[in-house]
Amino acid sequence: MHITTFTERPYAHVPEEEVIKNSSFFGVSNKFLDPVKGGSLFNRYLDEKVYAEEVGFDGVMLNEHHANPFTMGCVMDVEASILARITKNVKIALMGNPLPVADPLRLAEELATIDMISGGRLVTGWVRGAGCEQLANNVNPTYNRERFDEAHDFIMQAWSKDGPWRYEGKHYEYRHVNPWVKPIQKPIPETWIPSLVSPETAQFAARNCYSYFALATFLAPTVEMWNLYADTAEQEGWQAGPECFGYLQKVVCADTDEEAYELGKNYVYGGGQPAFARPEWMFPAGYNSKAATKRMAYALTDPETNEAVVSGKDASEEINVPEMKKYNTEVLYENLIRNRQIITGTPETCLVKIRNIMETLRPGIFAVWHIEGGPTTHEQSMHSMKLLGENVLPQMREWAKELDLPGPGEVKPGSRKLPANGKRDPVCDKSALAA
Amino acid sequence: MATNDYTTKTISAGGSELVITQGGSGKPLLVLNEELGDPGWLNWKQELALTRTVITPQHPGFGVSPRISWALSIGDLANYYAQVMVEQGWVGADVIGFSLGGWVAAEMAAQNPAQFSSMTLVAPMGIKPPSGEICDIYQYLTADYIAYSVSNIEGTPEFADLFGGEVTAEQYERFQDATAESARFAWQPYMNNPALSHRLGLIKDLPTQVLWGDEDKIVPFSTVDIYQKAIAGSKVVTFNACGHRPGN
């Protein structure tokens, strides 16, 4: 199993009441940004990644959002380049590069540079980008899927085809393709495809023998995507295994359950992930097919309370800031804990819930979405990481052996043969869900 | 005939299938819909259908007529409709276009003014306002955009019939289709063509009216001056205390 760690790298000093009044992190004015404080945070987050390697994580993970204090990292490849130099052995996973809003040739060059500097430790991940990324980059959402597909195909060519050559596609044209940087990893860097349970994405990942990486989605719909991926792999003639699946899970550790519980409330600072962006920004017209919009709503809806987890609130609603803060730290937080979206506790407490996820989803990649948000201090974060490294990761590795959960570094996705009857074996265990 | 006797039918035109709603009899009047698609058979259509054949094409790709893969701009859509006009024998029709549909009509006239005998543009998009901005539909929930388009909701008789209450699933689907296809046509430059005001110089003697509400929050009223100057002999009709929807 490959165990990695992630945070959104928030601009932690964004005033919480501004986020709550806006019902969304996206859209809060950048007048609240102090570049000195932001720079200090960038350095802190880089230091924490280095520390993650020291305490035993196999990888570090970054993501990218734009115009949003929820994630300062809007040019993730710059951060990844620094990590390529200041870390030694960890894989640097980029979950992911939003293809439709990028210049694909420039992106092929940036990623190849990171792989070269890191000595082949890059893990690429391709995403469509949230709706608000299309707005922030002024990229037509109706061409999102077309641009994703074309940019992906172009980058594969840019990494494999000797130049110079000319490219004329529907959305991109290049007169002279001849990048003097190429990935060390052949034929391409290890690739995981992050997703919020879009069936098209699961199928895309399986058809390309990429691992599929579920971004902290509820377990039941995640199981459905695992099965769809495995069915697609079966159609392609191979057996999916744990190396094909990654799962992102919020986990924070402290010396006592009570301390960890209090610390975990920082995940819902300003409303946390559910307040990422309001619906009109998440789903601009044409970004999703209507069917995909419905599926996403299901995948991100709390199965018990029926509340949307990523939708924000109606902008026209009167917002009572103290009441919302109370709601976030009591109702929302409790719901997220009850549904295992957030795991808090001592290492022993966390391990019980992690074991259940490992048994249910059988992932070969496990990403700890580490504590973040407003008041989280560097010391708290480092201490939690230390507890994870010393007391959680060793047990997870033991269990991974017992449950036979190899990562994609151990077994290459696409390399397992189907059983003799041509019918695939199960890839997850839904029966463990209720445990 | 009863004025609410209208039919919806599919015709083959311009190399594609096109759904049109048609009612009344007499000289054809082409009605070009806004960015949210067809609001329906409105009261004013019933009135006009007493003496005219009122024809409303459902824009290609807006959820009713199939999308035309080669049409990537409003200029392309205008060219498509020009082909339809010739094939259907509608050349010489009067045209009225609303918002995005007004832009389509203006592009058609800029390509070939002789295809119409008169043109009425109602708060048309298509020209960048000299002050203010065309409201960005892609940053609004559709219900909010619609509310924003009307200056006085309570004082607008048809508003409740058309848009009152919660957005139904059917409406949501229609709005999604329409706004997505509008994005294909007009994401950037947003809802305007920088060349249009110059291309309208081809129009010399097409009777043209430009109707605008002076409280329009979707396409700023200031744009009316550009249209008037660009279209020779055009007349402006201003609706006081009115938003983007004089037609409702």
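Residues numbered from 1 in each chain as written. Chains lettered and ligands numbered in written order. Predicted model: local features only at pLDDT ≥ 70, side-chain atom pairs only at ≥ 80, totals over all residues.

## A look at the overall build of chain B
(1) Moving on: The secondary structure content of chain B amounts to eight helices and eight strands.
(2) Moving on: Judged by the C-alpha coordinates and their principal axes, chain B covers about 40 × 40 × 35 Å.
(3) Moving on: Counting the 248 residues in chain B, one finds 49% classified as buried.
(4) Moving on: Put simply, of all contacts in chain B between residues at least 6 apart along the chain, 76% involve residues at least 24 apart. (Helix = DSSP H or I, 4+ residues; strand = E, 2+ residues; numbered from the N terminus. Buried ≥ 20, exposed ≤ 12 C-beta atoms within 10 Å, placed from the backbone. Contact = placed C-beta atoms within 7 Å.)

## Some points on the interface of chain A and chain B
(1) Moving on: Counting residues at the interface gives 13 residues for chain A and 13 residues for chain B.
(2) Moving on: Counting residues per element, the side of chain A that touches chain B draws most heavily on helix α10 (residues 279-282) of chain A, at three residues.
(3) Moving on: Broken down by class, the residue content of the side of chain A that touches chain B amounts to six nonpolar, five polar and two charged. (Nonpolar A, V, L, I, M, F, W, Y, C, P; charged D, E, K, R; others polar.)

## Considering the sheet that holds strand β5 (residues 93-98) of chain B
All names here are of chain B.
(1) Moving on: Read from one edge to the other, the open sheet built from eight strands follows the order β1-β2-β4-β3-β5-β6-β7-β8, with strand pairing classed as mixed. The open sheet has two free edges, formed respectively by β1 (6-13) and β8 (235-239), since each of these has just one partner strand. Averaged over all pairs of adjacent strands, the angle between their axes in this sheet comes to 20°, without regard to strand direction. (Pairing = 2+ DSSP bridges. Axes fitted to C-alpha atoms, helices over the stretch in contact; angles between N-to-C directions.)

## Notes on unusual backbone geometry
(1) Moving on: With an omega of 0°, the peptide bond between A:Lys186 and A:Pro187 qualifies as cis.
(2) Moving on: Here A:Pro187 lies in the loop between β8 (173-177) and β9 (190-195).
(3) Moving on: B:Pro189 follows B:Gln188 through a cis peptide bond whose omega is -5°.
(4) Moving on: Along the polypeptide, B:Pro189 turns up in the loop between α6 (169-186) and α7 (196-199).
(5) Moving on: In this model, A:Cys209 sits at a positive phi of 60°, which is unusual for a non-glycine residue.

## Looking at the pairing of β5(B)
All names here are of chain B.
(1) Moving on: Taken together, the four bridges between strand β3 (residues 27-32) and β5 define a ladder with parallel strand orientation. By the bridge assignment for β5, Leu30 is matched with Val95.
(2) Moving on: In terms of strand pairing, β5 meets strand β6 (residues 116-122) through six bridges, oriented parallel. Bridged to Ala93 within β6 is Phe116.
(3) Moving on: Each parallel crossover has a hand, and for β5 linked through helix α3 (residues 100-111) to β6 it is right-handed. (Right-handed = clockwise from strand over helix to strand, strands pointing away.)

## A word on the pairing of β9(A)
Residue and element names in this part refer to chain A.
(1) Moving on: Here β9 lies mainly inside the structure; six of its six residues are buried.
(2) Moving on: Here β9 shows two buried faces, one formed by Glu190, Trp192 and Pro194 and the other by Thr191, Ile193 and Ser195.
(3) Moving on: Examined bridge by bridge, strand β5 (residues 122-124) and β9 share two bridges and lie parallel to one another. Looking across to β9, one finds that Val123 is bridged to Glu190.
(4) Moving on: Sheet topology note: the β9/strand β10 (residues 211-214) ladder contains four bridges and is parallel. Bridge pairing in β10 places Pro194 opposite Phe213.

## Points about the packing of helix α3 (residues 76-86) of chain A against helix α4 (residues 104-118) of chain A
Residue and element names in this part refer to chain A.
(1) Moving on: Relative to each other, α3 and α4 sit at 15°, their axes nearing to 8 Å. Taken together, the axis directions place α3 and α4 in an arrangement best described as roughly parallel. In the packing of α3 onto α4, the handedness of the crossing is left-handed. In this structure, α3 contributes Asp77, Ala80, Ser81, Ala84 and Arg85 to the contact, and α4 contributes Glu110, Leu111, Thr113, Ile114, Ile117 and Ser118.
(2) Moving on: Per-class residue counts for the contact of α3 with α4 are five nonpolar, three polar and three charged. (Parallel < 35°, antiparallel > 145°, perpendicular 65-115°, else oblique. Left-handed = near helix turned anticlockwise from the far one by under 90°.)

## Focus on the confidence of the model for chain B
(1) Moving on: Mean pLDDT for chain B: 93, with 98% of residues reaching 70 or above.
(2) Moving on: Confidence estimates for the predicted assembly give a pTM of 0.92 and an ipTM of 0.89. (pLDDT = per-residue confidence, 0-100.)

## Some thoughts on the nonpolar core
(1) Moving on: The biggest cluster of nonpolar side chains holds 98 residues, and the ones touching the most others in it are A:Ile92, A:Tyr212, A:Trp226, A:Tyr229, A:Cys253 and A:Ala367.
(2) Moving on: If near-sequence neighbours (up to four positions away) are discounted, A:Ala367 is found in contact with A:Thr4, A:Thr5, A:Phe6, A:Met61, A:Gly246, A:Tyr247 and A:Leu248. (Core = buried A, V, L, I, M, F, W, Y, C linked by C-beta atoms within 7 Å.)

## Some thoughts on helix α6 (residues 144-160) of chain A
One turn of an α-helix holds 3.6 residues; hence residues three or four places apart share an orientation.
Residue and element names in this part refer to chain A.
(1) Moving on: For α6, which comprises 17 residues, the first-to-last C-alpha distance of 24 Å matches the rise-based estimate of 24 Å (1.5 Å per residue) to within 8%.
(2) Moving on: Within the span of α6, buried status applies to Asn144, Arg147, Phe148, Ala151, Phe154, Ile155, Ala158 and Trp159. End-on, the buried residues of α6 take up no more than an arc of 140°, which puts them together on one face.
(3) Moving on: In this structure, the buried residues of α6 make contact with α4, α5 (131-136), β7 (165-168) and β8. (Expected span 1.5 Å × (residues − 1). Arc of directions from axis to C-beta.)

## Overview of the environment of A:Gly27
Residue and element names in this part refer to chain A.
(1) Moving on: Of note, Gly27 is situated in the loop between α1 (16-22) and α2 (35-55).
(2) Moving on: A count of 21 C-beta atoms within 10 Å places Gly27 in the buried class.
(3) Moving on: Residues Gly27 and Met72, spaced 45 residues apart in sequence, show a C-alpha to C-alpha distance of 14 Å.

## Some remarks on the packing of α4(A) against α6(A)
Residues and elements named next belong to chain A.
(1) Moving on: One can describe the packing of α4 onto α6 by two numbers: an axis separation of 9 Å at closest approach and a directional angle of 50°. One finds that α4 runs oblique with respect to α6. Handedness of the α4/α6 crossing: right-handed. For the pair α4 and α6, the contacting residues are Pro104, Leu105, Leu107, Ala108 and Ala112 in the first and Ala151, Phe154, Ile155, Ala158 and Trp159 in the second.
(2) Moving on: Split into classes, the residues belonging to the contact of α4 with α6 amount to 10 nonpolar, no polar and no charged.

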